[in-house]
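Next come the chains, spelled out residue by residue.
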Amino acid sequence: MTEMVLQTRVLPEPLFSLISSDSVKIREDNNGEIRLIPVKEASISSCPFLGMYTDGKLTINGYLERKRADKRLEL
């Protein structure tokens, strides 16, 4: 199974006019069937670079700053 994400503007005009999102996931199944799946715009909470919490309130940098502050308090 093959999968990739493309910008919709690279699609031919008949397909481009049918898709309302900026990106589309193209998935080819094992049987050769190809599917175009519109990709919703990425929000802060879906960013893979955020820390432990999915609500986006604690970033990796914020988590590291807290850990450094905790270490300083321990000394």
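First, a word on scope: everything that follows refers to the structure included in this document. The structure presented is a predicted model; accordingly, all values stated were derived computationally and were not measured.

With respect to the overall build of the protein chain
- Helices and strands together make up the secondary structure of the protein chain, namely two helices and three strands.
- Put simply, the protein chain runs from its N terminus to its C terminus through helices and strands in the order β-α-β-β-α.
- Considering only contacts in the protein chain between residues 6 or more positions apart, those separated by 24 or more positions represent 11%.
- Here the protein chain displays about 6,500 Å² of accessible surface, and carbon together with sulfur accounts for 56% of that area.

Description of the pairing of strand β3 (residues 34–39)
- Of the pairings in the sheet, the one linking strand β2 (residues 23–28) to β3 comprises six bridges and is antiparallel in character. Bridge pairing links R27 to R35 in β3.
- Following β2, the chain reverses through five residues before pairing antiparallel with β3; G32 in that reversal takes a positive phi of roughly 90°.

As for a nonpolar patch on the surface
- On the surface, L15, L18, I34 and L36 cluster together into a nonpolar patch covering about 390 Å² of accessible area.
- Mapped onto the elements, L18 comes out in the loop between α1 (13–16) and β2.

A few points about the sheet that holds β2
- If you trace the three strands from one edge of the open sheet to the other, you get β1-β2-β3, paired in antiparallel fashion. The strands lining the two open edges of the sheet, one partner per strand, are β1 (2–7) and β3. When strand polarity is set aside, the average angle formed by the axes of neighbouring strands in this sheet is 25°.

A word on the side chain of S21
- Inspection of the secondary structure puts S21 in the loop between α1 and β2.
- A residue is classified by how much of its surface remains accessible, and S21, at 10% relative accessible area, is buried.
- Among the polar contacts listed, one links the side chain of S21 to the backbone oxygen of S23, at a separation of 2.6 Å.
- Among the polar contacts listed, one links the side chain of S21 to the backbone nitrogen of V39, at a separation of 3.5 Å.

Thoughts on the pattern of salt bridges
- Scanning the entire structure with this criterion turns up four salt bridges.
- Between E3 and K25 there is a salt bridge; the shortest N-O distance is 4.0 Å. Of the two residues, E3 is situated in strand β1 and K25 in strand β2; the sequence distance between them amounts to 22 residues.
- Accessibility expressed as a relative area gives 42% for E3, which makes it partly exposed.
- E33 is paired through a salt bridge with R35; the nearest N and O atoms lie 2.9 Å apart.
- Taken together, the shared-partner salt bridges in this structure form one network comprising E3, K25 and R27.

About the cut-offs
Residues numbered from 1 in each chain as written. Predicted model: local features only at pLDDT ≥ 70, side-chain atom pairs only at ≥ 80, totals over all residues. Heavy atoms only, no water. Helix = DSSP H or I, 4+ residues; strand = E, 2+ residues; numbered from the N terminus. Contact = heavy atoms within 4.5 Å. Areas by Shrake-Rupley, 256 points an atom, 1.4 Å probe, with all protein chains shown as cover. Pairing = 2+ DSSP bridges. Patch = residues over 30% accessible without salt bridge, like charges linked within 9 Å, V, L, I, M, F, W, Y side chains within 5 Å. Salt bridge = Lys/Arg side-chain N within 4 Å of Asp/Glu carboxyl O. Axes fitted to C-alpha atoms, helices over the stretch in contact; angles between N-to-C directions. Buried < 20%, exposed > 50% of the residue type's maximum accessible area, 1.4 Å probe, protein only. Polar contact = N/O pair within 3.5 Å; in protein donor to acceptor, adjacent residues only side chain to side chain.

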